[in-house]
Amino acid sequence: MTSNQLKSSRISGFHKKSPQERLDLVAAFAGLDEATVAHLANMGNLDPHLADHLIENVVGTMNIPVGIATNMRIDGEDMLIPMATEESSVVAAVCNAARQCYDVGGFVTSSSGTLMIAQIQLVDSPDPHNARIKILERRDEIKAVCDECDPILVKLGGGFRDVEVRIIDTLGGPMVITHLIVDTRDAMGANAVNTMAEKLAPSIAAWTGGRTYLRILSNLADRRLARARATWTCEAIAASGMAGEAVRDGIVSAYQFAAADPYRAATHNKGIMNGITAVVLATGNDTRAIEAGCHAYAAKDGHYGSLTRWEVTPEGHLAGSIEVPMAVGLIGGATKLHPTARANLKILGVTTADRLARVIAAVGLAQNFSALKALATTGIQKGHMALHAQNIAMMAGAVGEEIDRVARVLVERGTVRVDVAEAELKLIRG
Ligand SMILES: CC(C)(COP(=O)([O-])OP(=O)([O-])OC[C@H]1O[C@@H](n2cnc3c(N)ncnc32)[C@H](O)[C@@H]1OP(=O)([O-])[O-])[C@@H](O)C(=O)NCCC(=O)NCCSC(=O)C[C@@](C)(O)CC(=O)[O-]
Ligand SMILES: NC(=O)C1=CN([C@@H]2O[C@H](COP(=O)(O)OP(=O)(O)OC[C@H]3O[C@@H](n4cnc5c(N)ncnc54)[C@H](OP(=O)(O)O)[C@@H]3O)[C@@H](O)[C@H]2O)C=CC1
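Reading the values: rules and limits
Residue numbers run consecutively from 1 along every chain, following the written order of its sequence. Numbering of ligands from 1 and lettering of chains from A proceed in the order in which they are written. Only residues with pLDDT of at least 70 get local features here, since the model is predicted, and only at 80 or more are side-chain atom pairs given and counted; chain-wide, interface and lining totals rely on the full set of residues. To get the side-chain values, all heavy atoms of the structure are used, and hydrogens and water are removed first. Relative accessibility decides the category of a residue: with a 1.4 Å probe and only protein chains considered, values under 20% of the type maximum give buried, values over 50% give exposed, and everything between is partly exposed. Here a residue counts as near a molecule or strand whenever at least one of its heavy atoms sits within 4 Å of it. Any pair of nitrogen or oxygen atoms within 3.5 Å is treated as a polar contact; in protein, a donor-acceptor pairing is required on top of that, and neighbouring residues in sequence qualify only through side-chain atoms on both sides. Computed with a 1.4 Å probe, the accessible areas rest on the Shrake-Rupley method; for each residue, only the protein chains presented here act as cover. Counting from the N terminus, the helices are DSSP H or I runs at least four residues long and the strands are E runs at least two residues long. Side-chain classes follow a simple rule in which Ala, Val, Leu, Ile, Met, Phe, Trp, Tyr, Cys and Pro form the nonpolar group, Asp, Glu, Lys and Arg form the charged group, and the remainder, Gly included, forms the polar group. A fitted line through C-alpha atoms represents every axis, and for helices the fit uses only the stretch in contact; the resulting angles, taken between N-to-C directions, go from 0 to 180 degrees. The scheme is simple: roughly parallel for angles under 35 degrees, roughly antiparallel for over 145, roughly perpendicular for 65 to 115, oblique for anything else. Note: crossing handedness is left-handed where the near helix turns anticlockwise from the far helix by less than a right angle, and right-handed where it turns clockwise. Contact criterion: two residues are considered in contact whenever any of their non-hydrogen atoms come within 4.5 Å of each other. Helix span is expected to be 1.5 Å times the residue number reduced by one. The directions from the helix axis to the C-beta atoms form the arc being described. Cysteine sulfur atoms are paired as a disulfide whenever they come within 2.5 Å of each other. Every case where a carboxyl oxygen of Asp or Glu lies within 4 Å of a side-chain nitrogen of Lys or Arg is listed as a salt bridge.

Peer 1: Explain unusual backbone geometry here, please?
Peer 2: Keep in mind that most residues, glycine aside, have a negative phi and that most peptide bonds are trans. Of note, the phi angle at Ser89 is positive, near 80 degrees, even though the residue is not glycine. On the accessibility criterion, Ser89 (19% relative accessible area) is buried. Of note, Asp124 is a non-glycine position whose phi angle comes to about 60 degrees, a positive value.

Here it is in structure tokens:
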């Protein structure tokens, strides 16, 4: 092969090769050394055959640590929560928040059910209002078509629930958008509702005289909302040098800032997603679907705001609550296939997708509490950087016991920087 051929990304049939053959090609393309190739070839605790079938063009796996959030009491049940994340202090933050509300009962959760929405786009309808009514008239026929697509889902108590039709103004003129509302039970439901939308679309075109284009679920799963709330007493949240009342008021003020300002809300919600995404990933669910849904929900009032609310109760306690779309499943996607996801679901002990969704909402709320408490008191760097110091020590080359020794010095000096870690490592190694 010439070096030009090696540098071409046009590799026909790459997908038909084995992971090792692909890796050899990639190694030649990128000039990878033997150690890097060997590292990528080691697929850890994921069966290479499974990895090669979960996604396309596989050459390796990317291991992310799974940490356990402790102290979580949800609806009276003590739970251990597996979280998959690459970011330090995220797991500690959930443990910390849960610890401070454990004695007063922890988290209370609820949900709006497990309904998903599939959209069918109809264009070029000369009489969109007439078209809307014509579609609504066919409810029974629509139900029959949808339920026929997935008899197992129907047997499990799910299936078609309702049809709604909206007329929206677009750059291309009015469009008639049909929403199929489907109970997908313990599945996230994308495949189930997409199949229904595709099956139904030709009938919608025939009934109305328009043309159908897109037939796909909406990730703004606002018929599948998970909710959680918790109360923290001032006594429990007092921080070194700060009365609980001041901490409470600081958290409420931080929320008010996020509610009013999208620049702050983006960071505020990122913190919430630290927890949500970590559990979604740990259980093999679709992180992008959940993130898209949560951010769209945060903007549902035409203004991007906070996913949580923080208030003071009549007794003077701090009350936090969260409401988020949470389309997660226990069936389908990688949830059943990935052995780590299966193990994590076993640790969680949840037996329904609805319960999993509510647990995830509680984790999002806990995550937000800790971030806001840190921000409103000592600042985020103290706690976060203390844990991040270990990463910095490793970046400087520390191994084994050196990691803790270097990290401790970085925290003591208050300078969590790689150059300082390198200097300290030099000292330790003499
Ligand atoms: C970091 C802490 C927890 C320290 O908090 P602390 O009060 O200094 O820790 P502590 O040593 O007193 O321990 C208190 C409890 O925290 C937990 N805890 C304490 N250390 C650990 C640990 N190593 N591993 C596991 N759990 C830990 C543990 O539950 C412990 O109880 P115990 O077990 O001792 O009975 C605190 O400062 C904190 O919660 N900070 C917030 C950290 C955070 O939010 N990190 C997310 C990354 S930053 C970000 O991306 C989001 C952000 C901040 O931008 C969002 C926003 O702006 O809104
Ligand atoms: N925009 C998005 O978010 C999109 C996401 N996706 C992907 O779709 C995947 C999820 O699709 P999903 O439909 O959940 O998965 P699957 O189609 O893999 O699984 C759902 C199916 O499992 C069967 N089933 C068995 N037991 C149950 C039960 N207790 N509750 C419900 N269904 C049950 C059902 O019927 P049956 O056996 O008859 O099939 C159901 O249709 C994810 O990988 C996601 O990433 C795909 C497209 C777009």
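Peer 1: Quick question: what am I supposed to make of the site of ligand 2 here?
Peer 2: The full set close to ligand 2 counts 21 residues, and Asp150, Gly189, Asn191, Asn219 and Asp286 are the nearest of them. Backbone polar atom of Asp186 to a nitrogen atom of ligand 2: 3.0 Å apart, as the coordinates give it. Alone, ligand 2 offers 920 Å² of accessible surface; in the complex the protein occludes 70% of this. Mapped by element, the contributors of at least two residues to the shell around ligand 2 are α8 (151-155) and α9 (190-208). Considering each element in turn, the shell around ligand 2 owes the most residues, four residues, to α9. Considering only residue class, the shell around ligand 2 consists of 10 nonpolar, seven polar and four charged.

Peer 1: I keep staring at the site of ligand 1 and nothing clicks. Help me out?
Peer 2: What surrounds ligand 1 is a group of 22 residues, the closest being Glu87, Ser89, Arg264, Lys270 and Asn274. Here Asn71 contributes a side-chain N or O atom positioned 3.4 Å from an oxygen atom of ligand 1. A distance of 2.7 Å separates an oxygen atom of ligand 1 from a polar atom in the side chain of Lys270. Protein contacts shield 63% of the accessible area of ligand 1, which totals 1100 Å² for the unbound molecule.

Peer 1: Even after reading the chapter, I still don't get the packing of helix α7 (residues 139-149) against α9, so can you show me in this structure?
Peer 2: To characterise two packed helices, one gives the angle between the axes of the helices and the distance between these axes. Packing of α7 against α9 leaves a shortest axis separation of 8 Å and a crossing angle of 150 degrees. By the criterion of interaxial angle, the relationship of α7 to α9 is roughly antiparallel. Relative to α9, the crossing made by α7 is right-handed. Here Glu141, Ile142, Val145, Cys146, Glu148 and Cys149 of α7 lie close against α9, whose contacting residues are Thr195, Met196, Lys199, Leu200 and Trp207. Split into classes, the residues belonging to the contact of α7 with α9 amount to seven nonpolar, one polar and three charged.

Peer 1: What's the story with helix α13 (residues 287-298) in this structure? I'm lost.
Peer 2: One full turn of an α-helix is made of 3.6 residues, so residues set three or four places apart face in the same direction. The terminal C-alpha atoms of α13, which comprises 12 residues, lie 16 Å apart, in line with the 16 Å expected from a rise of 1.5 Å per residue. Of all the residues in α13, the buried ones are Thr287, Ala289, Ile290, Gly293, Cys294, Tyr297 and Ala298. The arc enclosing the buried residues of α13, seen along the axis, measures out at 165 degrees, which places them on a common side. Buried residues belonging to α13 abut β8 (225-232), α12 (262-282) and β10 (318-325).

Peer 1: What's the story with the state of the cysteines in this structure? I'm lost.
Peer 2: By definition, a disulfide links two cysteine residues through a covalent bond between their sulfur atoms. All chains considered together, the criterion is met by zero disulfides. With no disulfide of its own, Cys101 lies 12 Å from the sulfur of Cys95, the closest cysteine sulfur. Cys146 provides the cysteine sulfur closest to Cys149, a residue in no disulfide bond, and the two sulfurs are 6.1 Å apart. With relative accessibility at 22%, the residue Cys149 sits in the partly exposed group.

Peer 1: Help me understand the pattern of salt bridges, please; the structure alone is not making it clear to me.
Peer 2: Two side chains of opposite charge can pair, provided their charged atoms sit close to one another. This model, assessed by the stated rule, comprises 21 salt bridges. Lys270 is the partner of Glu87 in a salt bridge, and the nearest nitrogen-oxygen pair spans 2.9 Å. With Glu87 in the loop between β2 (77-84) and α5 (90-102) and Lys270 in helix α12, this residue pair connects regions lying 183 residues apart in the sequence. With relative accessibility at 39%, the residue Lys270 sits in the partly exposed group. In this structure, the salt-bridge partner of Arg185 is Asp183, at a minimum N-O distance of 3.3 Å. Judged by relative accessible area, Arg185 falls into the partly exposed class, the value being 34%. Classification of Asp183 as buried rests on a relative accessible area of 7%. Put simply, Asp75, Glu77, Asp354, Arg355 and Arg358 are held in one network by salt bridges that share partners.

Peer 1: What is the right way to read the environment of Val90 from this model?
Peer 2: Residue position: Val90 is located in helix α5. Residue Val90 is classed as buried on the basis of its relative accessible area of 2%. Each C-alpha atom, one on Val90 and one on Gly67, is 9.3 Å from the other, the two residues being 23 residues apart in sequence. In this structure, Val90 is in contact with Met83, Thr85, Asn274 and Gln367, ignoring residues within four places of it in sequence.

Peer 1: Would you mind showing me how to read the packing of helix α16 (residues 380-395) against helix α17 (residues 401-413) here?
Peer 2: For the pair α16 and α17, the least separation of the axes is 8 Å and the interaxial angle reads 125 degrees. Overall, the two elements α16 and α17 adopt an arrangement that is oblique. Considering how the two elements wind past one another, α16 and α17 form a crossing that is right-handed. Two secondary-structure elements touch here, α16 through Ala386, Ala389, Gln390, Ile392, Ala393 and Met394 and α17 through Ile403, Asp404, Val406, Ala407, Leu410 and Val411. Per-class residue counts for the contact of α16 with α17 are 10 nonpolar, one polar and one charged.

No statement about biological role is implied by the geometric values presented.
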